[in-house]
Amino acid sequence: MKDSTDPIEWLNYHHLRYFHAIAREGSLRKASEVLRCSQPSICSQVKLLEEALGETLYRRSGRSIALTSFGRVIYEYAESIFSIGRELLSTARRAASAATLRLQVGILDSFPKLLSIEVLKPVFERRPVVQVTCREGKIEDLLGQLASHRLDAILSDEAPPAGMQIKTFSHLLGESGLTFCASPELAARLKKKGVFPSLLHDAPFLLPTQNTTLRRDIEKWFEANKIEPMVVGEFEDAALAKIVATEGYGVTVVPTIVEAEAVERYGFAPVGRTSGCGVRLFLITAERNFEHPAVALLAKQFKQPTPSKRRMSQRTKAPLTSSIRSRGAGTK
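From a predicted model like this one, the values you see are computed outputs, not experimental measurements. Residue numbers here run from 1 along each chain, matching the order of that chain's written sequence. Since the coordinates come from a predicted model, pLDDT governs what is reported: local features require at least 70, and pairs of side-chain atoms require 80 or more to be given and counted, while whole-chain, interface and lining totals use all residues. The side-chain numbers reported here are obtained from all heavy atoms of the structure, hydrogens and water having been left aside.

### A short note on the overall build of the chain
- Helix and strand content of the chain: 11 helices and 11 strands.
- Within the chain, the fraction of its 332 residues that count as buried is 42%.
- The contact criterion used throughout is that any non-hydrogen atoms of two residues lie within 4.5 Å. Within the chain, counting contacts between residues at least 6 apart in sequence, those at least 24 apart form 74% of the total.
- Here the chain displays about 18600 Å² of accessible surface, and carbon together with sulfur accounts for 51% of that area. Only runs of H or I of at least four residues qualify as helices and only runs of E of at least two qualify as strands under DSSP, and these elements are numbered from the N terminus. Note on classification: 1.4 Å probe, protein chains only; a residue is buried when its accessible area is under 20% of the maximum for its type, exposed when over 50%, partly exposed between these limits. The protein chains shown are the only cover counted for residues, whose accessible areas, like all others here, come from Shrake-Rupley with a 1.4 Å probe.

### Comments concerning a nonpolar patch on the surface
- On the surface, a nonpolar cluster with roughly 260 Å² of combined accessible area is contributed by L11, Y13 and L53.
- Relative to the helices and strands, L11 resides in the segment before α1 (13-25). Any residue with relative accessible area above 30% and no salt bridge may belong to a patch, with like charges joined within 9 Å and the nonpolar Val, Leu, Ile, Met, Phe, Trp and Tyr side chains within 5 Å. By definition, a salt bridge exists where a carboxyl oxygen of Asp or Glu is found within 4 Å of a side-chain nitrogen of Lys or Arg.

### So, the packing of aromatic side chains
- The aromatic pairing rule takes the rings of Phe, Tyr and Trp, using the six-membered ring of Trp, and pairs them if the centres are within 6.5 Å, calling planes under 30 degrees apart stacked, those over 60 edge-to-face and the rest tilted. A full pass over the atoms with the stated rule returns 7 aromatic pairs.
- A ring pair is formed by Y266 and F268, whose centres lie 5.4 Å apart and whose planes are at 20°; its orientation type is stacked.
- By relative accessible area, which is 5% here, F268 ends up buried.
- Ring pairing ties together the aromatic residues F180, F196, F205, W221 and F222, which thus form one cluster.
- Consider the ring centre and the ring normal. A charge sits over the ring if Lys NZ or Arg CZ is within 6 Å of that centre and within 35 degrees of that normal. Looking at R17, its charged tip hangs above the ring of F82, at a distance of 3.8 Å from the centre.

### Here's the deal with the packing of helix α5 (residues 113-124) against helix α10 (residues 259-266)
- In this description, a line fitted to the C-alpha atoms serves as the axis of each element, helices being fitted only across the stretch in contact, and the angle between N-to-C directions of two axes falls anywhere from 0 to 180 degrees. Between α5 and α10, whose axes approach to 10 Å, the crossing angle comes to 120°. Compared by their axis directions, α5 and α10 come out oblique. Considering only the axes of α5 and α10, their crossing is right-handed. For the pair formed by α5 and α10, the contact residues are L114, I117 and E118 on the first element and E261, A262, R265 and Y266 on the second.
- Gly is put with the polar residues, along with every residue not named as nonpolar or charged; the nonpolar set is Ala, Val, Leu, Ile, Met, Phe, Trp, Tyr, Cys and Pro, and the charged set is Asp, Glu, Lys and Arg. Class assignment of the residues belonging to the contact of α5 with α10 gives a composition of 4 nonpolar, no polar and 3 charged. In this scheme, roughly parallel covers angles under 35 degrees and roughly antiparallel covers those over 145, while 65 to 115 is roughly perpendicular and the rest are oblique. By the definition used in this description, the sense in which the near helix is turned from the far one sets the handedness, with an anticlockwise turn below a right angle giving left-handed and a clockwise turn giving right-handed.

### Observations regarding α5
- Each residue after the first adds 1.5 Å to the expected span of a helix. In this model α5 runs 15 Å from its N-terminal to its C-terminal C-alpha over 12 residues, within 8% of the 16 Å that 1.5 Å per residue would give.
- The complete set of buried residues in α5 reads L114, L115, S116, E118, V119, L120, P122 and V123.

### Regarding the pairing of strand β3 (residues 101-108)
- The sheet contact formed by β3 and strand β4 (residues 130-137) spans 8 bridges and is parallel. Looking across to β4, one finds that Q104 is bridged to T133.
- When the strands point away from the viewer and the path from the first strand over the helix to the second turns clockwise, the crossover is right-handed. Once you follow β3 into α5 and on to β4, the crossover reads as right-handed.
- In this sheet, strand β5 (residues 153-156) lies alongside β3 in parallel orientation, the contact comprising 3 bridges. Bridge pairing in β5 places V105 opposite A153. The rule for pairing is simple: two strands pair if DSSP sees at least two bridges between them.

### Focus on helix α9 (residues 238-246)
- What α9 keeps buried is the set A241, K242 and A245. Projection of α9 onto a plane perpendicular to its axis shows the buried side chains occupying an angular sector of 100°, all on one side.
- Packing partners of the buried residues in α9 comprise α5, β7 (204-208), β8 (230-235), β9 (252-255) and α10.
- Any pair of N or O atoms that falls within 3.5 Å is considered a polar contact. Within protein, one atom must be able to donate a hydrogen and the other to accept it, and sequence-neighbouring residues count only if both atoms are side-chain atoms. Where α9 begins, the capping side chain belongs to D237, and its oxygen is found 2.9 Å from the backbone nitrogen of A239.
- Two residues or fewer past α9, G248 is found with a positive phi of approximately 85°. In this description, one arc is meant: the one made by directions from the helix axis to the C-beta atoms.

### Concerning the side chain of Q145
- As for its placement among the helices and strands, Q145 is situated in helix α6 (residues 139-147).
- For Q145, a relative accessible area of 18% translates into the label buried.
- What Q145 contacts, discounting residues up to four positions off in sequence, is R135, R150 and L151.

### Things to note about unusual backbone geometry
- In this structure, P128 follows R127 across a cis peptide bond, with omega equal to 0°.
- Mapped onto the elements of the fold, P128 is located in the loop between α5 and β4.
- Put simply, F196 and P197 share a cis peptide bond, and its omega is 5°.
- Relative to the elements of secondary structure, P197 occurs in the loop between α7 (184-191) and β7.
- Phi is positive for D202, which is not a glycine, with a value near 70°.
- Along the polypeptide, D202 turns up in the loop between α7 and β7.

### With respect to empty space enclosed by the protein
- A pocket here means an open set of points on a 1 Å grid, computed over the protein atoms alone, that has protein on both sides within 12 Å along at least five of seven lines. A cavity is instead a set of points where a 1.4 Å probe fits but cannot get out; residues with an atom within 4 Å of a point line either one. Grid points are joined across faces, edges and corners, and a volume is the space filled by probe spheres set on the points. Scanning the entire structure with this criterion turns up 1 cavity of 30 Å³ or more.
- Computed from the structure, the largest cavity encloses a volume of approximately 190 Å³.
- For the lining of the largest cavity, the class distribution of residues is 12 nonpolar, 3 polar and 4 charged.

Printed below as a string of structure tokens:
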């Protein structure tokens with residue numbers, strides 16, 4: 001039976017280079033000087049290209065050559081191809097000389113953005129420079145990328161779910177309490193109602209979505225303090241919640257460790273602070289030891305990583321005050 005599979009066609013870039021030289025120089029003589037090759041050899045190489053493409057590329061015009069309409073199209077393609085080739089060589093040379101270190105880090109979508117910056121500061125300040133790529137997503141998706149080595153580490157505000165077949169190690173940076181923030185006008189109105197935390201009762205709130213660990217912790221804190229908030233907005237993106245809060249639509253929460261930066265950046269007024277609920281900061285890796293230099297920089301103060309398949313029985317207190325990188329605690 002006849003094989004119906006079409007043969008794979010390959011473009012001979014060596015032949016294309018000869019044609020490109022003729023078209024660019026405008027004559028066979030000049031092209032032969034540039035290529036350091038005889039004119040008959042150039043003609044034979046270009047003839048093979050024409051046979052492969054099925055069209056004539058140029059015609060003689062006295063001592064010069066004139067491209068056909070098809071030849072002009074092919075010349076434009078050749079220009080693009082060899083331009084990209086020059087860029088490729090340039091990039092390869094720079095990479096070989098600079099030996100750029102790259103860090104692929106996944107960030108849970110619920111992980112506070114201001115905290116992400118604080119955690120990654122040691123890497124951004126490292127010299128030679130580290131090229132950092134941040135990918136945001138759900139914990140399950142990020143763990144899959146970690147297992148397939150598309151990520152070097154994950155920043156998360158929760159440990160990996162129990163029962164997952166992916167073997168990972170969770171390293172606890174520490175914990176931070178929460179600061180309740182609002183626009184100055186809303187904060188002033190709330191403070192007239194009484195003292196913290198009772199002034200939060202019936203206040204408008206912009207909270208994380210209900211599928212997050214932080215939201216569940218906040219609701220437990222509300223219940224313990226007999227506070228019934230008026231939830232006017234729920235956000236997967238904590239940064240968007242802060243932007244909405246600047247318009248005075250509700251109270252939002254920020255980790256106390258980045259309160260000063262949040263106040264400066266968004267113009268917030270703190271309404272109150274609590275250590276009764278907050279965020280836990282995890283660095284999740286696929287290996288017990290840190291082979292990647294940038295991951296080792298983030299984790300250099302960690303003591304004992306905890307395999308993700310074992311649930312943590314108690315919270316490890318690691319108060320955070322001014323800088324994440326000045327402290328680190330491994331879960332035991």
